Number of protein chains: 2
Amino acid sequence: MYGLIGKMRAQPGQRDALIAILLEGTTAMPGCLSYGIARDKLEADAIWITETWDSQASHKASLSLPSVQAAIAKGRPLIAGFGERFETEPVGGHGMMAKSSSVS
Amino acid sequence: MYGLIGKMRAQPGQRDALIAILLEGTTAMPGCLSYGIARDKLEADAIWITETWDSQASHKASLSLPSVQAAIAKGRPLIAGFGERFETEPVGGHGMMAKSSSVS
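Every value quoted in this text rests on a predicted model; they were computed, and no experiment measured them.

Chemist: A description of the overall build of chain A should follow, citing residues and the corresponding values.
Modeler: On a plain count of helices and strands, chain A comes out with 3 helices and 4 strands. Starting at the N terminus, the α and β elements of chain A follow one another as β-α-β-β-α-α-β. Split into buried and exposed, the 104 residues of chain A put 47% on the buried side. A sequence separation of at least 24 residues applies to 75% of the contacts in chain A between residues at least 6 apart. Here chain A has roughly 5,000 Å² of accessible surface; of this, 58% comes from carbon and sulfur atoms. Each charge class in chain A can be summarised by its mean position, and for the 10 positive and 10 negative side chains these summaries are 4 Å apart.

Dropping the structure here:
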């Protein structure tokens, strides 16, 4: 498995709008085992994205998917920058990510 | 919801032993929606733990569970230290964490 934990910074006040675009564009990605989005609790415009993939190749391939390309194009103006990024090898755990893709 | 993304460093060569203890001690925690463990790809002894809880109170309460206390006692000698720790508010996503709790 291949994992990514990464931080993205939205333009001021645009965090939830950016989250909605990310959620919309990442629902059907082959090889993606989980995709979670969270607001940073301390930094007002920061977003954490946690991804689990069956392989690094699946992650790479996802970047060419039309839905992902569309999300990148739509989201780009709302992105101020990127923060930490950690590559991982997920090895276990339990539980289900939130099923809903709505921002609440 | 309440989320945590945190890094732990095992004593040299003890990463998988520590992961096994963590997985064993965290299977039945009330309010825990997901618990994922991953090896850092660059740092040989580093572990990432990604947690989703229904509330911060549930997370706090989990630290007093006998199973968690036992895992802490058993794991402590294998822990070299802690790295980054980010508190989050999970807002959406999809997918299931790995069902298996075995280290592979």
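Chemist: Before we move on, can you summarise the packing of helix H1 (residues 15-25) of chain A against helix H3 (residues 66-75) of chain A with the specific residues and values?
Modeler: All names here are of chain A. Axis separation between H1 and H3 bottoms out at 8 Å; the angle between their running directions is 170°. If you check the angle between H1 and H3, you find them roughly antiparallel. Contacts from Leu18, Ile21, Glu24 and Gly25 of H1 reach H3 at Ser67, Val68, Ala71, Lys74 and Gly75. The class makeup of the residues in the contact of H1 with H3 is 4 nonpolar, 3 polar and 2 charged.

Chemist: So what's going on with the UniProt feature "domain: ABM" (unreviewed entry) in chain A? Residues and values would help.
Modeler: Residues annotated in UniProt with the feature "domain: ABM" (unreviewed entry) correspond here to residues 2-88 of chain A. Across residues 2-88 of chain A one finds 32% helix and 41% strand; the C-alpha atoms that close the span lie 6 Å apart.

Chemist: Pulling in residues and values, what's your account of the sheet that holds strand S1 (residues 2-10) of chain B?
Modeler: Within the closed barrel, the 8 strands sit side by side as S1(A)-S3(A)-S2(A)-S4(B)-S1(B)-S3(B)-S2(B)-S4(A). Their pairing is antiparallel. With strand direction ignored, the average angle separating the axes of adjacent strands in the sheet is 35°. Bridge count between strand S1 (residues 2-10) of chain A and strand S3 (residues 46-53) of chain A: 8 bridges; the pairing is antiparallel. Residue pairing for S3(A): Ile5(A) is matched across the bridge by Thr50(A). Helix-sheet contacts for H1(A) involve S1, strand S2 (32-40), S3 and strand S4 (79-95) of chain A together with strand S4 (79-95) of chain B, and the interaxial angle to S2(A) is about 175°.

Chemist: So, the packing of aromatic side chains: which residues are in play, and what are the values?
Modeler: Enumeration according to the criterion identifies 2 aromatic pairs over all chains in this entry. Here the aromatic rings of Trp48(A) and Phe86(B) are separated by 4.2 Å at their centres, their planes lie at 35°, and the arrangement is tilted. Taken together, the residues Trp48(A) in strand S3 and Phe86(B) in strand S4 connect one chain to another. Taken individually, Trp48(A) and Phe86(B) each receive the classification buried, so the pair is uniform in this respect.

Chemist: Quick rundown of the pattern of salt bridges? Include the residues and the values.
Modeler: Following the criterion strictly, the structure yields 12 salt bridges over all chains and no others. Close ionic contact of Lys74(A) with Glu24(A) constitutes a salt bridge, the shortest N to O distance being 3.8 Å. One end of the pair, Lys74(A), is in helix H3; the other, Glu24(A), is in helix H1, and 50 residues separate them in sequence. Taking relative accessible area as the criterion, Glu24(A) reaches 54% and is therefore assigned exposed. When the shortest N-O distance is used, the salt bridge between Glu84(B) and Lys7(B) registers 3.7 Å. Remark: Lys7(B) occurs in strand S1 and Glu84(B) occurs in strand S4; sequence separation between them is 77 residues.

Chemist: So what about the nonpolar core? Which residues, and what values?
Modeler: In terms of nonpolar packing, the biggest core is built from 21 residues, with Leu18(B), Leu22(B), Met29(B), Tyr35(B), Ile37(B) and Ile47(B) touching the most fellow members. Counting residues per element, the ones that place at least two in this core are S1, helix H1 (15-25), strand S2 (32-40), strand S3 (46-53) and helix H3 (66-75) of chain B. Here this core takes 5 residues from H1(B), the largest share from any one element. Here Met29(B) is in contact with Tyr35(B), Trp53(B), Ser62(B), Leu65(B) and Val68(B), once residues within four sequence places are set aside. In this structure, Ile19(A), Met29(A), Cys32(A) and Leu78(A) belong to the second largest nonpolar core, which totals 20 residues.

Chemist: Account for H1(A), naming residues and giving values.
Modeler: The complete set of buried residues in H1(A) reads Arg15(A), Leu18(A), Ile19(A), Ile21(A), Leu22(A), Leu23(A) and Gly25(A). Those residues of H1(A) that are buried lie in contact with S1, S2, S3, H3 and S4 of chain A together with S4 of chain B.

About the cut-offs
Throughout this document, residue positions are counted from 1 along each chain, in the order its sequence is written. Written order determines the labels here, with chains lettered from A and ligands numbered from 1. Two thresholds apply to this predicted model, a pLDDT of at least 70 for residue-level local features and 80 or more for giving and counting side-chain atom pairs, whereas whole-chain, interface and lining totals are computed over all residues. Excluded from the side-chain calculation are hydrogens and water; included are all heavy atoms of the structure. To qualify as a helix, a DSSP run of H or I must reach at least 4 residues; to qualify as a strand, a run of E must reach at least 2; elements of each kind are numbered from the N terminus. In this scheme, a residue with accessible area under 20% of its type's maximum is buried, one over 50% is exposed, and one in between is partly exposed, where area comes from a 1.4 Å probe on protein chains only. Contacts are assigned to residue pairs with any non-hydrogen atoms lying within 4.5 Å of each other. Calculation of accessible area relied on Shrake-Rupley with a 1.4 Å probe; when residues are assessed, cover is drawn exclusively from the protein chains displayed. Here Asp and Glu are counted as negative and Lys and Arg as positive; His is not counted, and neither are the chain ends. Note on charges: their place is set at NZ of Lys, CZ of Arg, CG of Asp or CD of Glu. Note on geometry: axes are lines fitted to C-alpha atoms, helical ones only across the stretch in contact, with angles between N-to-C directions running from 0 to 180 degrees. The cut-offs work like this: below 35 degrees is roughly parallel, past 145 is roughly antiparallel, 65 to 115 is roughly perpendicular, and the gaps in between are oblique. All amino acids are sorted into three groups, where Ala, Val, Leu, Ile, Met, Phe, Trp, Tyr, Cys and Pro are nonpolar, Asp, Glu, Lys and Arg are charged, and the leftover types, Gly among them, are polar. UniProt positions are given in the numbering used here, feature names are shortened, and annotations may be inferred rather than shown by experiment. DSSP-based pairing: two strands are paired if at least 2 bridges between them are found. Note on aromatic pairs: the rings of Phe, Tyr and Trp (six-membered ring only in Trp) are paired at centre separations within 6.5 Å, and the planes decide the class, stacked below 30 degrees, edge-to-face beyond 60, tilted for the rest. For this document, the term salt bridge refers to a Lys or Arg side-chain nitrogen within 4 Å of an Asp or Glu carboxyl oxygen. Residues enter a nonpolar core if they are buried and are Ala, Val, Leu, Ile, Met, Phe, Trp, Tyr or Cys, with the set joined through side-chain atoms within 4.5 Å.

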